[in-house]
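Report on the structure
One-letter residues, chain by chain:
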Amino acid sequence: MIQVQQDDFDVAALYRDLLIKNKTGAVAMFVGLVREFAPDSGDQGSFELEHYPGMTEKNLASIVDEAKQRWPLLATHVVHRVGKLSVNDQIVFVGVSAGHRSEALQACDFIMDYLKSRAAFWKKETQGNESKWVEAKQEDIQSLDRW
């Protein structure tokens, strides 16, 4: 399941959806939150994500398909929020289930690494009267070398 949405998501419900009766041996999940990006300013600012509907979902599906080729996954869920978000809001959920722990952990990590550097999202931070578009961090791009 791949979802791009403005609404928040329910982690417990997504977890339950990953359970495949009598097959699941492990579930690995990652939940990303919006963090304060200018803690010394006294203004938490705002964070906004844009995407192209259809293209973004296809891009995320490609990442998940590659993970499924590398590991024997039972189920996968990727939920990414768009629109204006505030500090501490949930922004992304990646969850996978597999027969074994290492497969689930590696696949979840792989999906997040590719999502952070290759997914079709555009991020804008606004602090006071100034806004800037945020590029992928160099360490996020370098983390792809592991795979």
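Everything numeric here is computed off the predicted structure, so don't read it as measured data. (Residues numbered from 1 in each chain as written. Predicted model: local features only at pLDDT ≥ 70, side-chain atom pairs only at ≥ 80, totals over all residues. Heavy atoms only, no water.)

1. A look at a nonpolar patch on the surface
A surface patch of nonpolar side chains, amounting to about 460 Å² of accessible area, comprises Y52, M55, W122 and W133. On the secondary structure map, M55 appears in helix 2 (residues 55–70). On the basis of relative accessibility, which here comes to 41%, the residue M55 falls in the partly exposed class. (Patch = residues over 30% accessible without salt bridge, like charges linked within 9 Å, V, L, I, M, F, W, Y side chains within 5 Å. Areas by Shrake-Rupley, 256 points an atom, 1.4 Å probe, with all protein chains shown as cover. Salt bridge = Lys/Arg side-chain N within 4 Å of Asp/Glu carboxyl O. Helix = DSSP H or I, 4+ residues; strand = E, 2+ residues; numbered from the N terminus. Buried < 20%, exposed > 50% of the residue type's maximum accessible area, 1.4 Å probe, protein only.)

2. Quick notes on the packing of helix 2 against helix 3 (residues 101–118)
Close contact between helix 2 and helix 3 brings their axes to 10 Å; oriented N to C, the two are set at 150 degrees. In this view, helix 2 runs roughly antiparallel relative to helix 3, as classed from their interaxial angle. Regarding helix 2 and helix 3, the two cross each other, and that crossing is right-handed. Touching N59, L60, I63, V64, E66, A67 and R70 of helix 2 are F110, I111, Y114, L115 and R118, all from helix 3. Per-class residue counts for the contact of helix 2 with helix 3 are eight nonpolar, one polar and three charged. (Axes fitted to C-alpha atoms, helices over the stretch in contact; angles between N-to-C directions. Parallel < 35°, antiparallel > 145°, perpendicular 65-115°, else oblique. Left-handed = near helix turned anticlockwise from the far one by under 90°. Contact = heavy atoms within 4.5 Å. Nonpolar A, V, L, I, M, F, W, Y, C, P; charged D, E, K, R; others polar.)

3. Focus on the environment of Q3
Residue placement: Q3 occurs in strand 1 (residues 2–5). The partly exposed category is assigned to Q3, whose relative accessible area is 30%. Sequence-wise, Q3 and E50 are 47 residues apart; in three dimensions their C-alpha atoms are separated by 14 Å. Each residue touching Q3, except ones within four places of it in the same chain, is listed here: V78, V79 and H80.

4. Concerning the environment of K137
Within the secondary structure layout, K137 lies in the loop between strand 8 (130–134) and helix 4 (138–142). Here the alpha-carbon distance between K137 and S117, two residues 20 residues apart in the chain, equals 7.8 Å.

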